[in-house]
Amino acid sequence: MTDFHDIRFPLHLAFGASGGPVRRTTILPLASGGEVRNAPHRHSKRRYNAIAGLKSPQQANEIMSFFESRYGPLYAFRFRDPLDHASSDSISPMDQTLGYGDGETTNFQLRKAYGDAPHTYWRPITKPLEGTVAVAIDGVPTSDFSIDLLTGIVTFNSPPEAGATVTAGFEFDVPVRFVSESLDIVLDDFGATQIQDIPLIEVQDHV
């Protein structure tokens, strides 16, 4: 992902940000009164608004500098989802199932499960945080792996045995970009700054 800057949106500016997953669904009403629904995309896409964190001219200058450094919407960056940024409330190497060994495969994508079987949604995780990824094979923690922090791919030095359950726990960021090509910043008579909104949208580099 060459149009990505491996830098995180400042946490103190993201405090109070709102947003979450968006599912695009086309709905066709039928003459019978029923309807046909279709999801054109397999994965949801996160949207956020980071306006809540801006409370001073200094912070406005900081976000302006960050915006300019990303060339507006041109370069994506890391964003910490205030609600959903870890594999569980208490990270364990057994948190999420990545897959099962076949005696040959060494690469496994980090992912997070939402909901219960048989309707579980598996979300690919591509931007884990350094030093937070813990991995286990059949419930036994292991350090015999490396992690790509820009793809979320776990690579074992030797392939897990056939049938072995590969699990992991981790913290992660969401790759996002600015939606707007401009920042409209107003400084009022009392020295306070006003910005209508700072919309961010997830950039999916796994599809």
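Just above sits the structure.
Here is what the cut-offs are and how they apply
Residues numbered from 1 in each chain as written. Predicted model: local features only at pLDDT ≥ 70, side-chain atom pairs only at ≥ 80, totals over all residues. Heavy atoms only, no water. Helix = DSSP H or I, 4+ residues; strand = E, 2+ residues; numbered from the N terminus. Buried < 20%, exposed > 50% of the residue type's maximum accessible area, 1.4 Å probe, protein only. Expected span 1.5 Å × (residues − 1). Arc of directions from axis to C-beta. 1 Å grid on protein atoms, 1.4 Å probe; cavity = no way out; pocket = protein on both sides within 12 Å on 5 of 7 lines; lining within 4 Å. Points joined across faces, edges and corners; volume = space filled by probe spheres on them. Nonpolar A, V, L, I, M, F, W, Y, C, P; charged D, E, K, R; others polar. Polar contact = N/O pair within 3.5 Å; in protein donor to acceptor, adjacent residues only side chain to side chain. Contact = heavy atoms within 4.5 Å. Patch = residues over 30% accessible without salt bridge, like charges linked within 9 Å, V, L, I, M, F, W, Y side chains within 5 Å. Areas by Shrake-Rupley, 256 points an atom, 1.4 Å probe, with all protein chains shown as cover. Salt bridge = Lys/Arg side-chain N within 4 Å of Asp/Glu carboxyl O. Pairing = 2+ DSSP bridges. Axes fitted to C-alpha atoms, helices over the stretch in contact; angles between N-to-C directions.

Novice: What exactly am I supposed to notice about unusual backbone geometry here?
Specialist: With the exception of glycine, most residues fall at negative phi, and the peptide bonds are largely trans. Cis rather than trans, the peptide bond between alanine 117 and proline 118 has omega equal to 10°. When you line up the elements, proline 118 lands in the loop between strand S9 (111-114) and strand S10 (121-124). A positive phi angle is found at tyrosine 71, which is not glycine, with a value near 55°. Position of tyrosine 71 among the secondary structure elements: in the loop between helix H2 (57-69) and strand S6 (76-79). Judged by relative accessible area, which is 58%, tyrosine 71 ranks as exposed. Residues other than glycine seldom take positive phi values, yet aspartate 138 does so here, at roughly 50°. Relative to the elements of secondary structure, aspartate 138 occurs in the loop between strand S11 (134-137) and strand S12 (140-142). Judged by relative accessible area, aspartate 138 falls into the exposed class, the value being 52%.

Novice: Help me out: how do you make sense of H2 in this one?
Specialist: The end-to-end C-alpha distance of H2 is 18 Å, a good match for the 18 Å that 13 residues give at a rise of 1.5 Å each. Those residues of H2 that fall on the buried side of the exposure criterion are Gln59, Ala60, Ile63, Phe66 and Phe67. Seen end-on, H2 carries its buried residues on one side only, within an arc spanning 125°. Opposite the packed face of H2, turned more than 90 degrees from it, sit the exposed residues Gln58 and Glu68. The first or second residue beyond H2 is tyrosine 71, which carries a positive phi of 55°.

Novice: Just checking my understanding: could you explain the environment of isoleucine 198 for this structure?
Specialist: Looking at the secondary structure, you find isoleucine 198 in the loop between strand S18 (193-195) and strand S19 (199-202). Distance in space between the C-alpha atoms of isoleucine 198 and leucine 30 is 39 Å, their sequence separation being 168 residues.

Novice: For this particular structure, what's the right way to read empty space enclosed by the protein?
Specialist: With a probe scaled to a water molecule rolled over the atoms, the places where space remains empty come into view. For the structure shown, the criterion picks out one cavity of 30 Å³ or more. Along its surface, the largest cavity is lined by ten residues, and Arg123, Pro124, Thr126, Pro175 and Glu202 are the ones closest to its centre. Elements represented by at least two residues in the lining of the largest cavity include exactly S10 and strand S16 (174-178). By residue class, the composition of the lining of the largest cavity is five nonpolar, two polar and three charged.

Novice: What's the story with the side chain of histidine 85 in this structure? I'm lost.
Specialist: The residue histidine 85 is located in the loop between S6 and strand S7 (96-100) in this model. Of the polar contacts made by the side chain of histidine 85, one reaches the side chain of arginine 80; its length is 2.8 Å. Leave out the neighbours within four places in its chain, and histidine 85 touches Arg80, Glu171 and Phe172.

Novice: Before we go on, may I ask you to explain a nonpolar patch on the surface in this structure?
Specialist: Judged by side-chain polarity, Leu28, Leu30 and Val36 come together as a nonpolar surface patch covering roughly 250 Å² of accessible area. Following the sequence through the fold, leucine 28 ends up in strand S3 (residues 26-29).

Novice: I would appreciate a short explanation of the layout of surface pockets in the present structure.
Specialist: As a volume, the largest pocket reaches approximately 260 Å³. Its residues placed into classes, the lining of the largest pocket shows four nonpolar, five polar and five charged.

Novice: Even after reading the chapter, I still don't get the sheet that holds strand S1 (residues 4-8), so can you show me in this structure?
Specialist: Pairing between the strands of a sheet comes from backbone hydrogen bonds, and it takes one of two forms, parallel or antiparallel. Judged by pairing direction, the sheet is mixed, and its six strands sit side by side in the order S1-S6-S16-S19-S5-S2 without closing on themselves. Since the sheet does not close on itself, it has two edges, and those belong to S1 and strand S2 (18-22), each with one partner. The sheet shows a mean angle of 30° between the axes of neighbouring strands, direction not considered. Direction of pairing for S6 relative to S16: antiparallel, over a ladder of three bridges.

The values are spatial; any link to function lies outside them.
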